[in-house]
Every structure is written in structure tokens, then in C-alpha cells.
Amino acid sequence: VSVDGGDTETLRGSNSSVVGNSISNFSRLVRTYAPGVHFDGVGLHVGNNSVRHAPHACMTGGGSNHVFEHNRLEHCVYECIDAGAFYVGRSW
């Protein structure tokens, strides 16, 4: 799932959401930087998702003014050593 929206210059939020998903066993061909949820932009809501079984990060992205709540990340980063289940870039 990839979500991007909002205006980074004015910080106007997109009001886009990724809610209530079960995402698992992804990144089968491209083993790194292919997360279950990728986010970028301003004012996103990512909540109540279950993201599991990933060789690299389960969620990646950047941006500002996002809300992340009640997500369950399991069995992430089992083939990498320099990453995290929730991997955020420099625009945070």
C-alpha cells in the first residue's frame, strides 16, 4: 500500500488514510525497500493495520503531521541488519 498526499510547502494535510488492513508476506521479489505500507506527504492517518513477515521494513516513508496508531508490526527485518520495522527517511 502506498499513500502520498498533502502540501509540504503549506503543511495542508491530505486527510488520506490506510486503516484496517492485513498485509503479509510481501517483498518476495525485491527484498529491500518494498514495504507493506509506504507513506509520504502531510497529514496521513495510518491505523489499525497488521503488517507482518517482511525481509526488510514493514513501514517506510517520510513527511510530517501524520498519525500512526494501533498498528501491529510482526516478524519484520528478518534478512537485514541496518533497518527497523518502522523505517523513516530524512523529511520527518
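What you see is a predicted model; the values in this text were computed from it and never measured.

A. How the structure looks around the state of the cysteines. Applying the stated rule across the entire model yields one disulfide. A disulfide bridge connects Cys-58 with Cys-76, and the sulfur atoms are separated by 2.0 Å. Here the S-S torsion is close to -95 degrees, and the disulfide linking Cys-58 with Cys-76 is therefore left-handed. One end of the pair, Cys-58, is in the loop between strand 6 (50–54) and strand 7 (59–61); the other, Cys-76, is in strand 9 (residues 72–76), with 18 residues separating them in the sequence.

B. Molecular detail of the pattern of salt bridges. Summed over all chains, the structure comprises two salt bridges. Between Glu-79 and Arg-31 there is a salt bridge, with the nearest N and O atoms lying 2.5 Å from each other. Taken together, the residues Glu-79 in the loop between strand 9 and strand 10 (86–88) and Arg-31 in the loop between strand 3 (22–24) and strand 4 (37–41) connect sequence positions 48 residues apart. Across the pair Glu-74 and Arg-72 runs a salt bridge, and its minimum N-O distance is 3.1 Å. For Glu-74, a relative accessible area of 26% gives the class partly exposed. Arg-72 sits in the exposed class, given a relative accessible area of 53%.

C. Region of interest: the pairing of strand 1 (residues 2–5). Of the two faces of strand 1, only one is covered, namely that formed by Val-3 and Gly-5; the face formed by Ser-2 and Asp-4 stays uncovered. For strand 1 and strand 4, the ladder comprises four bridges, and the chain directions are parallel. What sits directly across from Gly-5, in strand 4, is Gly-41.

So, how was this worked out
Residues numbered from 1 in each chain as written. Predicted model: local features only at pLDDT ≥ 70, side-chain atom pairs only at ≥ 80, totals over all residues. Heavy atoms only, no water. Disulfide = S-S within 2.5 Å. Helix = DSSP H or I, 4+ residues; strand = E, 2+ residues; numbered from the N terminus. Salt bridge = Lys/Arg side-chain N within 4 Å of Asp/Glu carboxyl O. Buried < 20%, exposed > 50% of the residue type's maximum accessible area, 1.4 Å probe, protein only. Pairing = 2+ DSSP bridges.

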